[in-house]
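# Coordinate analysis (summary)
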Amino acid sequence: MIWKNLTDKVTVVLIIIIIGLGLPSLALGQESYFSDLKQTFEDGAIFKADFHHQTVDSYTQDTVASNGHIWVGSQQYRVESDNKSVVVDGETSTVYDEDRNRVIISKYEPEDDDFAPSRILNGVDSTFTVETQEKREGNIYILLSSDDPFAIYQKVEIFLSKGLLPKKIKAIDPANNVITTTFSEGEFMDPKEGIFTLSYPESAEKVDMRN
């Protein structure tokens, strides 16, 4: 898709949603950090943070890195990075490319998004297992794994603060590529009008693909 080059940057955002909305039932018999995080999102909180995203190719060891800002709610997300901005509000995807001064508006189709919350959550109970969920040095460590060869990730490590703020997420895909995102200045905030509305210059070329 047009905004595919930013999809990897929001992967970590949607993993957060998986943790919060898709896995409480897997944590039975353990202290349920999942349930607490789920409730935070269900109460309408928005997670906001700066991020550093890095992908290491398992074969060549080539590293691609980027920095940016994210906002994520239970059904929406926003990413700003590399002079590009993406906003998905659950129904519409809006992408602004500052370098080209072009905005592309399209109907959001979760089935076409490999990392859409609904697509991942549909199979998360059967594909992922909570291997570890524990406190480590005052923080919270969660390890998820999957034996499904078609799973997006084979292993996901999540590091949260004791206040359930995401600090780092490390994922390994089926090709053993390592995707790591660290968060700074993270906070949960009340929703505000305009957070998931993308602003762009009047001079921008507009491409509306909804028709």
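Below or above, wherever it landed, is the structure these notes cover. The model shown is predicted, which means the values in this text are computed figures rather than measured ones. (Residues numbered from 1 in each chain as written. Predicted model: local features only at pLDDT ≥ 70, side-chain atom pairs only at ≥ 80, totals over all residues. Heavy atoms only, no water.)

### Let's talk about the sheet that holds strand 12 (residues 205-208)
Strand order in the open sheet formed by 12 strands is 7-8-9-10-11-1-2-3-4-5-6-12, with mixed pairing between adjacent strands. Of all the strands in the sheet, the pair left with one neighbour each is strand 7 (129-136) and strand 12. Between one strand and the next, the sheet's axes are offset by a mean angle of 15°, whatever the strand orientation. Bridge analysis of strand 7 against strand 8 (residues 139-145) gives 7 bridges, and the strand direction is antiparallel. Considered in strand 8, the bridge of Val-130 is made with Leu-144. (Pairing = 2+ DSSP bridges. Helix = DSSP H or I, 4+ residues; strand = E, 2+ residues; numbered from the N terminus. Axes fitted to C-alpha atoms, helices over the stretch in contact; angles between N-to-C directions.)

### Thoughts on the nonpolar core
If you look at the biggest cluster of nonpolar residues, it comprises 28 residues, and the most contacted ones within it are Phe-47, Ile-70, Tyr-77, Leu-144, Val-156, Ile-158 and Phe-183. Core analysis: the next-biggest nonpolar cluster, separate from the first, contains 11 residues, Tyr-96, Ile-105, Phe-196 and Ala-204 among them. (Core = buried A, V, L, I, M, F, W, Y, C linked by side-chain atoms within 4.5 Å. Buried < 20%, exposed > 50% of the residue type's maximum accessible area, 1.4 Å probe, protein only.)

### With respect to the packing of aromatic side chains
For the structure on display, the rule yields 4 aromatic pairs. The interplanar angle of 80° and the centroid separation of 5.7 Å between the aromatic rings of Phe-47 and Phe-183 together place this pair among those described as edge-to-face. Remark: Phe-183 occurs in strand 11 (residues 178-189) and Phe-47 occurs in strand 1 (residues 46-56); sequence separation between them is 136 residues. Owing to a relative accessible area of 0%, Phe-47 belongs among the buried residues under this scheme. Ring plane angle 55° and centroid distance 5.6 Å describe the contact between Phe-47 and Phe-188, whose orientation is recorded as tilted. Linking Phe-47 in strand 1 with Phe-188 in strand 11, this pair joins segments that are 141 residues apart in sequence. Note on Phe-188: relative accessible area 25%, which makes it partly exposed. Among the aromatic residues, those joined into a cluster by ring pairs are Phe-47, Phe-183 and Phe-188. (Phe/Tyr/Trp six-rings, centres within 6.5 Å; stacked < 30°, edge-to-face > 60°.)

### Remarks on the environment of Gly-68
Position of Gly-68 among the secondary structure elements: in strand 2 (residues 63-72). Judged by relative accessible area, which is 9%, Gly-68 ranks as buried. Spatially, the C-alpha atom of Gly-68 lies 5.5 Å from that of Glu-80, the residues being 12 residues apart in sequence. Setting aside anything within four residues of it in sequence, one finds Gly-68 in contact with Ala-49, Asp-50, Phe-51, Glu-80 and Ser-81. (Contact = heavy atoms within 4.5 Å.)

Read these as spatial facts, not as claims about activity.
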